[in-house]
Amino acid sequence: RPRAPHAANTSTLTPRGPRAGTARRAGGLGLSLGVAAVYVVLSASLAPPRPLSPAGPRGGPRRAGRMHPAVPEGPLGVRRPPLVISDDTRYSLDHLDVPTHYKPYLDSVLIPHGLILDRVLKLADDINQDYVHLTPHMLVVLKGSSGFFHDLQKAMFRQHIAERNTLIPFTYDFVKVSSYSGTASTGQVNITGVDLSSLEGRHVIVVEDMIDTGLTMTKILELLQGDTVRAASVRVVALLEKRTPRSCGLKADYAGFEVPDAFVVGYSMDYEEVFRDMQHVCIINERGIQEFRSGLPSCPSTPTPAADAGASPTAGASET
């Protein structure tokens with residue numbers, strides 16, 4: 001059917017001049033702004049109040065300076081539980097890449113290197129979350145913690161950069177801890193390698209390879225938290241915690257693995273300075289204990305191949 005001419009209905013339509021259209025659009029915009037304002041007011045009144053952080057927003061501190069002491073955002077009183085390795089967990093030496101020169105002296109692999117690295121990533125994330133507004137000072141106990149700290153600090157740094165945090169991520173010192181004079185324990189802990197007075201007011205994290213009985217670490221904490229040093233806070237990150245009846249009960253704040261009461265080596269942990277270069281954490285066997293009881297055996301001299309008649313010895317060959 002043919003439609004009626006448009007002109008016939010002009011008397012029933014609302015006039016739409018330029019001003020009428022502008023007024024209608026302005027009215028709609030005003031209504032939208034009003035609804036948005038009501039929503040913002042209601043949201044602000046219903047939302048819980050945000051606690052003030054002494055260190056300012058996540059991007060950096062309120063005050064000048066990059067390492068000022070403050071209360072961390074994370075729950076510093078909460079212990080991060082370790083990954084438990086059961087007593088019967090063992091990996092065959094033939095299933096993983098174990099150095100040939102160590103195989104005769106090992107019972108089995110307890111923690112493969114890949115699992116160690118993945119667990120270290122999680123430890124780094126836990127520490128970064130707790131110290132998001134702080135620059136902790138890491139005290140790395142030599143020598144067994146060196147490999148652990150090498151991977152831990154790389155993971156912490158990469159995560160720190162990815163989060164675009166403007167604070168210095170951490171500082172560190174390598175220290176040696178001794179509690180013996182000759183063959184007798186003095187009952188006191190001596191820390192060398194760092195000026196202890198420089199730790200006053202700092203948030204210290206002690207990096208340890210393994211907590212066995214926990215007696216030495218207890219003395220370290222007493223020293224750092226006492227009147228001599230006066231650190232703002234002291235926490236412990238350890239790769240391993242042993243399940244042993246000899247433990248004094250001390251636990252790390254951040255622990256990688258809880259392991260059986262076995263003699264473990266590797267990943268910078270040694271037996272008489274041997275096995276530090278092995279990547280996995282392994283259990284040493286009785287042959288290994290006897291072989292290296294007095295340290296690394298003397299290397300036999302390597303015979304020099306006889307030179308061909310009329311030819312000079314190989315350049316650079318060492319003399320024995």
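Conventions and cut-offs
- Residues numbered from 1 in each chain as written.
- Predicted model: local features only at pLDDT ≥ 70, side-chain atom pairs only at ≥ 80, totals over all residues.
- Heavy atoms only, no water.
- 1 Å grid on protein atoms, 1.4 Å probe; cavity = no way out; pocket = protein on both sides within 12 Å on 5 of 7 lines; lining within 4 Å.
- Points joined across faces, edges and corners; volume = space filled by probe spheres on them.
- Helix = DSSP H or I, 4+ residues; strand = E, 2+ residues; numbered from the N terminus.
- Nonpolar A, V, L, I, M, F, W, Y, C, P; charged D, E, K, R; others polar.
- Buried < 20%, exposed > 50% of the residue type's maximum accessible area, 1.4 Å probe, protein only.
- Pairing = 2+ DSSP bridges.
- Right-handed = clockwise from strand over helix to strand, strands pointing away.

Novice: Hey, could you go over empty space enclosed by the protein for me, with residue numbers and the actual values?
Specialist: One way to see where empty space is left: roll a probe the size of a water molecule over the atoms. Scanning the entire structure with this criterion turns up 2 cavities of 30 Å³ or more. Of the volumes computed, that of the largest cavity is approximately 60 Å³. For the lining of the largest cavity, the secondary structure elements donating two or more residues are helix H2 (113-130) and helix H3 (146-162). Of the residues assigned to the lining of the largest cavity, the class counts are 7 nonpolar, 3 polar and 1 charged. Reported here for the second largest cavity is a volume of approximately 30 Å³. Forming the boundary of the second largest cavity are Ile211, Asp212, Glu241, Lys242, Ser247, Leu250 and Lys251.

Novice: Any chance you could break down the pairing of strand S7 (residues 233-242) for me, citing the residues and the numbers?
Specialist: The element S7 is largely enclosed, with a buried count of 10 among its 10 residues. Note: strand S6 (residues 203-211) against S7, 8 bridges, orientation parallel. Bridged to Ile205 within S7 is Arg235. One crossover worth recording links S6 to the parallel S7 by way of helix H4 (residues 215-225), and it is right-handed. Judged from the 5 bridges that link them, S7 and strand S8 (residues 254-259) form a sheet pairing that is parallel. When the bridges of S8 are listed, Ala238 appears paired with Ala255.

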